[in-house]
Amino acid sequence: MALINGAAIDAVAGNGSAGNGVVTRSAVGDGAAIDVRGVEKRYGRRVHALKGVDLRVERGEIFGLLGPNGAGKSTLVKVLMRVIRATRVSGHMLGCRIGDAGALSRVGYLPEHHRFPEYLNGRQVLDYFGALLKMPRRERARRAVELLGQVGLSRWDRMLVRKYSKGMRQRLGIAQSLMNDPELVLLDEPTDGVDPVGRREIRSVLIEQRRQGRAVLVNSHILSELEMVTDRVAIMVGGVVVTQGKIEDLTRRTRRYVIEVEGRAGLDLAAVVGRAAPSARVEGVRVELGDVDPGAAQPVIDALRAAGVVLVRVWAERDSLEDLFMRAVDGREAVGASGGGASPQEARA
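In this report, we go over the structure that sits alongside the text. Every value quoted in this text rests on a predicted model; they were computed, and no experiment measured them.

### Looking at the overall build of the chain
Part 1 of the reasoning: Across its full length, the chain holds 13 helices and 15 strands.
Part 2 of the reasoning: Relative to its 349 residues, the chain shows a buried fraction of 49%.
Part 3 of the reasoning: Here the analysis covers contacts within the chain between residues at least 6 apart in sequence; of these, 75% occur between residues at least 24 apart.
Part 4 of the reasoning: As displayed, the chain has an accessible area near 15,900 Å², and 48% of this comes from carbon and sulfur atoms.

Here is the structure:
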């Protein structure tokens, strides 16, 4: 665990104080990688950045942390990493109290807007952070070569960081977060500025970490990326978690069958479908059935065929993660606006 943006590396130095404001409950270590409740962060009297956040991340899963700018996502991650002090926090991380130095030494962390010494090359950057973690020289060298290969930077391992593109720096940052072979990885906007090829490589890296049993928490704005790899997600708005769970479970009520037909003059599609499924929704040449039971679609298909309507395709669908996100944000707009949002420093979180 190395904190890059000028933050102290207390875990390496062996500073074991909690340093996170008021801790109201000792850790019980029930097996979750992260289990926190009631996390609050205030900046003075006017800004209430976190308003009682509850979050649980299991071991061996990829967890997506979503939310609009100013929702408090980065603030929460920094509280977990003891970069900033929580006003109040209850729970544990890797079986220890939040801020415990031993637990932090088993965490990999990539902050948003991270910076590396630009006079070093890629391999030297990883060696540098490995040295901060007190890794043996031989192990640092071996691990650097391995990780540069995983993130697709082997060809540029001797190139100075100042010549790296934004995407290359992001991939190097992910490699840095894995130097200490962590049990838990916290990634703040890891695909920001990364091209599609780089994003695919990063997805592969994340999936591999899950396969190896690590827990990965990803804070990202790129919803399509998260939808492909996350096991569960939490959506934050206005300093609180408004929904949390598996995407499949969160969108269960939106699952439906869709039938697309070939349009023709004089076709009253609503009348044809209405006799077989009065609750069906007709829009243009699309028929939506609010049911994912294949049997529910058969009478509609039979009615369309009997009327001589040509079927183009039939498929099952549900709302996307973006749809879920927008509903959560729209439903909590007033909370985010009235609650003061995050601090000025966290306005882009």
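### As for the layout of surface pockets
Part 1 of the reasoning: Each pocket or cavity is described by its volume, and for the second largest pocket that value is around 150 Å³.
Part 2 of the reasoning: What lines the second largest pocket is simply Glu112, His113, His114, Arg115, Phe116, Glu118, Lys166, Arg169, Gln170, Asp188, Glu189 and Asp192.
Part 3 of the reasoning: Ranked by residue count, the leading element in the lining of the second largest pocket is helix α6 (residues 166–177), at 3 residues.
Part 4 of the reasoning: By residue class, the composition of the lining of the second largest pocket is 1 nonpolar, 3 polar and 8 charged.

### Topic: unusual backbone geometry
Part 1 of the reasoning: Phi is positive for Arg82, which is not a glycine, with a value near 60 degrees.
Part 2 of the reasoning: By the secondary structure assignment, Arg82 is in the loop between α2 (73–80) and β5 (88–93).
Part 3 of the reasoning: What makes Arg82 buried here is its relative accessible area of 11%.
Part 4 of the reasoning: In this model, Lys134 sits at a positive phi of 65 degrees, which is unusual for a non-glycine residue.
Part 5 of the reasoning: In this structure, Lys134 sits in the loop between α4 (122–132) and α5 (137–150).
Part 6 of the reasoning: With relative accessibility at 64%, the residue Lys134 sits in the exposed group.

### Focus on the environment of Ser165
Part 1 of the reasoning: Position of Ser165 relative to the elements: it lies in the loop between α5 and α6.
Part 2 of the reasoning: Taking the C-alpha atoms as reference, Ser165 lies 8.8 Å from Gly193; in sequence the two are 28 residues apart.

### Focus: the packing of aromatic side chains
Part 1 of the reasoning: Within this structure, the stated rule accounts for 2 aromatic pairs.
Part 2 of the reasoning: Centroid distance Phe116 to Phe129: 5.8 Å. Interplanar angle 70 degrees. Geometry classified as edge-to-face. Of this pair, Phe116 sits in the loop between β7 (107–110) and α4 while Phe129 sits in helix α4; the two residues are 13 residues apart in sequence, bridging distant segments of the chain.
Part 3 of the reasoning: Among the residues examined, Phe116 registers a relative accessible area of 7% and is labelled buried.
Part 4 of the reasoning: Between Tyr128 and Phe129, the aromatic rings sit 5.0 Å apart at their centres with planes inclined by 75 degrees, giving edge-to-face as the arrangement.
Part 5 of the reasoning: Look at Tyr128 and you get partly exposed, because its relative accessible area is 38%.
Part 6 of the reasoning: The ring of Tyr43 carries the charged tip of Lys41 above its face, separated from the ring centre by 4.9 Å.

### Topic: empty space enclosed by the protein
Part 1 of the reasoning: In total, this model carries 1 cavity of 30 Å³ or more according to the counting rule given.
Part 2 of the reasoning: Considering only enclosed or pocket space, the largest cavity measures out at about 70 Å³ in volume.
Part 3 of the reasoning: Contributing to the lining of the largest cavity are Pro190, Thr191, Ile202, Arg203, Leu206, Val218, Ser220, Glu225, Leu226 and Val229.
Part 4 of the reasoning: Every element with two or more residues in the lining of the largest cavity is listed here: α7 (196–211) and α8 (223–229).
Part 5 of the reasoning: When the residues that make up the lining of the largest cavity are grouped by side-chain class, the tally is 6 nonpolar, 2 polar and 2 charged.

### Examining the sheet that holds strand β10 (residues 232–237)
Part 1 of the reasoning: With mixed pairing, the 6 strands of this open sheet are ordered in space as β7-β8-β9-β4-β10-β11. Strand pairing shows two members of the sheet lacking a second neighbour, β7 and β11 (240–245), which therefore form its edges. Direction aside, the axes of adjacent strands within the sheet are offset by 15 degrees on average.
Part 2 of the reasoning: Contacts from α2 reach β4 (62–66), β7, β8 (184–188), β9 (215–219) and β10 within the one sheet, and its direction differs from that of β4 by about 130 degrees.

### Notes on the pairing of strand β2 (residues 34–43)
Part 1 of the reasoning: In terms of strand pairing, β2 meets strand β3 (residues 47–57) through 8 bridges, oriented antiparallel. Bridge pairing in β3 places Arg42 opposite His48.
Part 2 of the reasoning: If you look at the hairpin formed by β2 and β3, you'll find 3 residues sitting between the two strands, and Gly44 has a positive phi there, around 70 degrees.
Part 3 of the reasoning: Pairing analysis gives 5 bridges linking β2 to β5, with the strands arranged antiparallel. Bridged to Arg37 within β5 is Ser90.

### Thoughts on α2
Part 1 of the reasoning: For α2, a buried count of 7 out of 8 residues is recorded, marking the element as mostly surrounded by other parts of the structure.
Part 2 of the reasoning: Taken together, the buried positions of α2 are Lys73, Ser74, Thr75, Leu76, Val77, Val79 and Leu80.
Part 3 of the reasoning: Downstream of α2 by a residue or two, Arg82 has a phi angle that is positive, lying close to 60 degrees.

The rules behind these values
- Residues numbered from 1 in each chain as written.
- Predicted model: local features only at pLDDT ≥ 70, side-chain atom pairs only at ≥ 80, totals over all residues.
- Heavy atoms only, no water.
- Helix = DSSP H or I, 4+ residues; strand = E, 2+ residues; numbered from the N terminus.
- Buried < 20%, exposed > 50% of the residue type's maximum accessible area, 1.4 Å probe, protein only.
- Contact = heavy atoms within 4.5 Å.
- Areas by Shrake-Rupley, 256 points an atom, 1.4 Å probe, with all protein chains shown as cover.
- 1 Å grid on protein atoms, 1.4 Å probe; cavity = no way out; pocket = protein on both sides within 12 Å on 5 of 7 lines; lining within 4 Å.
- Points joined across faces, edges and corners; volume = space filled by probe spheres on them.
- Nonpolar A, V, L, I, M, F, W, Y, C, P; charged D, E, K, R; others polar.
- Phe/Tyr/Trp six-rings, centres within 6.5 Å; stacked < 30°, edge-to-face > 60°.
- Lys NZ or Arg CZ within 6 Å of the ring centre and 35° of its normal.
- Pairing = 2+ DSSP bridges.
- Axes fitted to C-alpha atoms, helices over the stretch in contact; angles between N-to-C directions.

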